[in-house]
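Read off the chains here:
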Amino acid sequence: MTTPGRPPSPFASDGGGANLADILERVLDKGVVIAGDIRINLLDIELLTIKLRLVVASVERAQEMGIDWWRHDPALSSHARRDALANENEELRRRLAELEERTA
């Protein structure tokens, strides 16, 4: 719907185009990869290279692509936190046992 003197809204649902929710659903369903490199050179000497890779997808789609790093990151997964604490506890117990053997 437009009014005189006012341009049409790009997000207006006029039935002819997709609304923002439809676009987001398609992107998450299919996935989008954005890749780029930034290189800084001085007199043909490469000083800095930054490689950027961005994947936008739903969790299910990311798992289909083999991406599941959030499962193993203690900052994002309570299960990974428990595993990290258990590993740390086991390592500390092993080190304590070694120290006790040396002093006995």
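Note that the structure is predicted; figures quoted are calculated from it, not measured.

Q: Help me understand the pattern of salt bridges, please; the structure alone is not making it clear to me.
A: Per the counting criterion, the structure on display carries four salt bridges. Its salt-bridge partner being aspartate 37, residue arginine 53 comes within 3.0 Å of it at the nearest N-O pair. Placement of arginine 53 in strand β2 (residues 45–56) and of aspartate 37 in strand β1 (residues 32–42) is noted, with a sequence separation of 16 residues between them. The exposure class of aspartate 37 is partly exposed, given its relative accessible area of 39%. A salt bridge links arginine 94 to glutamate 91, with the nearest nitrogen and oxygen atoms 2.5 Å apart. Separated by three residues within a single helix, arginine 94 and glutamate 91 lie in helix α3 (residues 78–103), roughly one turn from each other. Here arginine 94 falls in the partly exposed class, since its relative accessible area comes to 40%. Accessibility expressed as a relative area gives 34% for glutamate 91, which makes it partly exposed.

Q: Before we go on, may I ask you to explain a nonpolar patch on the surface in this structure?
A: A surface patch of nonpolar side chains, about 860 Å² in accessible area, is lined by Ile38, Ile40, Leu42, Leu43, Ile45, Leu47, Leu48, Ile50 and Leu52. Of all the elements in the fold, those that place two or more residues in the nonpolar patch are β1 and β2. If one sorts the elements of the nonpolar patch by residue count, β2 sits on top with five residues.

Q: Got a minute to help me understand unusual backbone geometry in this structure?
A: Keep in mind that most residues, glycine aside, have a negative phi and that most peptide bonds are trans. At leucine 43, a position not held by glycine, the phi torsion is positive, near 55 degrees. Inspection of the secondary structure assignment puts leucine 43 in the loop between β1 and β2. Its relative accessible area of 76% is what places leucine 43 among the exposed residues. One non-glycine residue, aspartate 44, lies in the positive phi region at around 60 degrees. Turning to its location among the elements, aspartate 44 is positioned in the loop between β1 and β2.

Quick notes on the rules
Residues numbered from 1 in each chain as written. Predicted model: local features only at pLDDT ≥ 70, side-chain atom pairs only at ≥ 80, totals over all residues. Heavy atoms only, no water. Salt bridge = Lys/Arg side-chain N within 4 Å of Asp/Glu carboxyl O. Helix = DSSP H or I, 4+ residues; strand = E, 2+ residues; numbered from the N terminus. Buried < 20%, exposed > 50% of the residue type's maximum accessible area, 1.4 Å probe, protein only. Patch = residues over 30% accessible without salt bridge, like charges linked within 9 Å, V, L, I, M, F, W, Y side chains within 5 Å. Areas by Shrake-Rupley, 256 points an atom, 1.4 Å probe, with all protein chains shown as cover.

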